[in-house]
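These are the residues of each chain, in order.
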Amino acid sequence: MRYRILSLVPLLALPLLGGANDLPDERTSPSVSVEMREATRRIGRSINLGNALEAPVDGEWGLTIRKSHLVSIRDAGFTAVRIPVRWSAHVRRTPRQQIDEKFLSRVDSVIDAALENGLAVILNVHHFEEMYRDPARHEPTLHAIWRQLAAHYKTYDDRLMFELLNEPHDRLDAQTWNAVSSRLIRTVRERDCNRILIIGPARWNDPDLFPSLELPPEDRRLIATFHYYSPFEFTHQGASWVDDSEQWIGTKWSTNSPSAAQIKRDFAQVAQWGSQQGRPILLGEFGTRRQADARSRIAWTRYVRQMAEEHGFAWAYWEFGSDEFGICELPGLRWDEKMRAALLGH
Ligand code: BGC
């Protein structure tokens, strides 16, 4: 069981860096380099291969990624895939904490199929539940994972990017995450100093927490990421892992909903943080469960996607093909054309 804590802190109560009296000094605020703009553009309009390799066992959640899926994703018009992986379930409980070779080559085959189809790839560490509960105890495993991945993928070109950890939360609060992520960056950089790394704020990559996210100022090959599922009662209606979400079933959404203005403000706030910090932004997850009324789902998806694009954020829809948030019917690979248009149309 897992659920997100709804952000109850009103946006304006946070000590935002972007307050009116705290405008960035243009001489000191770094700008996003041409190369990083290019990397963000390369991610562009992407999709999460969710509910597959981040299941405890590959395929256990009813979805096994095949090469044909990557072809279909490319043909549909997406430019990249984010691949959530539960590495922690495939690490040997020995002092070297070696990743199981068979599993690693399985992940290689998915990455290679994506790259062969011209898709950029974001590889992450997903659902490392023990790490959220007890960061001090499990941080060595996270280092062991990234040490191996950084070395293993060193020869891959820069269309492959690493996202250090999905949705830090629980005991991995903002302060702890800042310390852990700076050490993780060092672990990767010792083996691969060029790989583009993606890092998001604590509390499930909550955009309200960007002001508390500390990134090493000298490392300019970082993309900042956040996840967006507001209003949660709409996007997660009927989700089995969210307490009381049954009572949200039937919640609708339209661009006239009061939350539309809030979404706009939230995205403007993220954009402001990004430009003050000189960091490109990736909206790494956003989506609604299939159970939501189709019209509302399409309207929300188009609106959030357009909002991201207006601010120049890359985005990755959550997710491709499961029966939770998916937009492609498997095994026949039939896309929900209206949802596809909401994402990839104008
Ligand atoms: C989680 C999924 C969940 C999705 C939407 C992802 O980060 O890993 O399990 O379905 O968010 O809540």
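Attention here is on the structure that accompanies the text. Predicted, not measured: the structure shown is a model, and the values here were computed from it.

Conventions used here
Residues numbered from 1 in each chain as written. Predicted model: local features only at pLDDT ≥ 70, side-chain atom pairs only at ≥ 80, totals over all residues. Heavy atoms only, no water. Helix = DSSP H or I, 4+ residues; strand = E, 2+ residues; numbered from the N terminus. Rg over C-alpha atoms; globule rule 2.2 N^0.38 Å. Buried < 20%, exposed > 50% of the residue type's maximum accessible area, 1.4 Å probe, protein only. Core = buried A, V, L, I, M, F, W, Y, C linked by side-chain atoms within 4.5 Å. Contact = heavy atoms within 4.5 Å. Pairing = 2+ DSSP bridges. Right-handed = clockwise from strand over helix to strand, strands pointing away. Expected span 1.5 Å × (residues − 1).

## Brief notes about the overall build of the protein chain
From N to C terminus, the protein chain includes 11 helices and 10 strands. A compact globule built from 346 residues should have a C-alpha radius of gyration of about 20 Å, and the protein chain, at 19 Å, falls within 12% of that. Taken along its principal axes, the extent of the C-alpha atoms in the protein chain is 55 × 55 × 40 Å. Looking at the protein chain as a whole, 56% of its 346 residues qualify as buried.

## Details of the nonpolar core
Residues Trp 87 and Leu 123 are the most contacted members of the largest nonpolar core, which totals 85 residues. Counting residues per element, this core draws most heavily on helix α3 (residues 101-116), which supplies eight residues. The contact partners of Leu 123, leaving out residues within four places of it in the chain, are Ile 83, Val 85, Trp 87, Val 107, Ile 111, Trp 146, Leu 149, Tyr 153, Leu 160, Met 161, Phe 162 and Glu 163. Grouped together as the second largest cluster of nonpolar side chains are 13 residues, Val 32, Ala 80, Ile 196 and Ala 314 included.

## Re unusual backbone geometry
Look at the link from Trp 318 to Glu 319: it is a cis peptide, with omega at 0°. Between Leu 330 and the following residue, Pro 331, the backbone shows a cis peptide bond with an omega angle of 5°. On the secondary structure map, Pro 331 appears in the loop between β9 (328-329) and β10 (334-335). Although it is not a glycine, His 127 sits at a positive phi angle of roughly 50°. Counting through the fold element by element, His 127 comes out in the loop between β3 (120-124) and α4 (129-133). Taking the relative accessible area as the measure of exposure, His 127 reaches 12% and is therefore buried. Of note, Glu 167 is a non-glycine position whose phi angle comes to about 45°, a positive value.

## Looking at the pairing of strand β2 (residues 80-83)
Across the two faces of β2 the burial is the same, with Ala 80 and Arg 82 and Val 81 and Ile 83 all buried. The sheet contact formed by strand β1 (residues 45-48) and β2 spans three bridges and is parallel. By the bridge assignment for β2, Ser 46 is matched with Ala 80. Relative to β3, β2 runs parallel, the two being bridged by four bridges. What sits directly across from Ile 83, in β3, is Leu 123. Between the parallel elements β2 and β3, the chain passes through α3 in a crossover that is right-handed.

## Things to note about helix α6 (residues 174-189)
Taking 1.5 Å per residue, 16 residues should reach 22 Å; α6 reaches 22 Å between its end C-alpha atoms and fits that length. By the burial criterion, the buried members of α6 are Ala 174, Trp 177, Asn 178, Val 180, Ser 181, Leu 184, Ile 185, Thr 187, Val 188 and Arg 189. Buried residues belonging to α6 abut α4, α5 (135-152), β4 (160-163), β5 (197-199), α7 (202-205) and β6 (222-228).

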